Amino acid sequence: MQDLPADKREQVREHFDFFDEDKNGTIDFDEFANLLRIISPESSTRQAAEGFSIIDTNSDGFIDFEEFMAWWETVWYEF
């Protein structure tokens, strides 16, 4: 994972915090499904489950900030 500049990392943190609806420091499946509906309104529950399992690299049932950051860097961040 490439290190983001501090200002970009803070932007990603703001996105993470927005989707962490209950503010517990992780994104659960329901929060992720909401995120996916925002960025891809026609996505299905099956697609959300597949995406969630890919991002949740430690398979604990939650996406933590580091997992979110790794996903963000590969999918959204323009190098």
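Further up the page is the structure itself.
Cut-offs and rules
- Residues numbered from 1 in each chain as written.
- Predicted model: local features only at pLDDT ≥ 70, side-chain atom pairs only at ≥ 80, totals over all residues.
- Heavy atoms only, no water.
- Helix = DSSP H or I, 4+ residues; strand = E, 2+ residues; numbered from the N terminus.
- Buried < 20%, exposed > 50% of the residue type's maximum accessible area, 1.4 Å probe, protein only.
- 1 Å grid on protein atoms, 1.4 Å probe; cavity = no way out; pocket = protein on both sides within 12 Å on 5 of 7 lines; lining within 4 Å.
- Points joined across faces, edges and corners; volume = space filled by probe spheres on them.
- Core = buried A, V, L, I, M, F, W, Y, C linked by side-chain atoms within 4.5 Å.
- Contact = heavy atoms within 4.5 Å.

Draft legend 1. Representation of unusual backbone geometry in the model. Residues other than glycine seldom take positive phi values, yet Lys23 does so here, at roughly 55 degrees. Tracing the backbone shows Lys23 in the loop between α1 (6-19) and α2 (29-39). A residue is classified by how much of its surface remains accessible, and Lys23, at 55% relative accessible area, is exposed. A positive phi angle is found at Ser59, which is not glycine, with a value near 55 degrees. With respect to the secondary-structure elements, Ser59 resides in the loop between α3 (45-55) and α4 (65-75). According to the relative accessible area criterion, Ser59 is exposed, its value standing at 61%.

Draft legend 2. How the structure looks around empty space enclosed by the protein. Per the stated rule, a full pass over the model turns up one cavity of 30 Å³ or more. Computed from the structure, the largest cavity encloses a volume of approximately 30 Å³. Taken together, Ala33, Leu36, Arg37, Ser43, Ser44, Thr45 and Ala48 make up the lining of the largest cavity. At three residues, the largest contribution of residues to the lining of the largest cavity is made by α2.

Draft legend 3. Quick look at the nonpolar core. Residues Val12, Ile27, Phe32, Leu35, Ile63, Phe68 and Trp71 are the most contacted members of the largest nonpolar core, which totals 18 residues. Looking at this core, the element that brings in the most residues is α4, giving five residues. Those residues in contact with Val12 that lie beyond four places of it in its chain are Leu4, Phe65, Phe68, Met69 and Trp72.

Draft legend 4. Here's a closer look at the environment of Phe52. Relative to the assigned elements, Phe52 resides in helix α3. Of the residues examined, Phe52 reaches a relative accessible area of 9% and is grouped as buried. Taking C-alpha positions, Phe52 is 14 Å from Phe65, a pair spaced 13 residues apart along the chain. Once residues lying within four places of it in the same chain are set aside, the contact partners of Phe52 are Ile27, Asp28, Phe29, Phe32, Gly61, Phe62 and Ile63.

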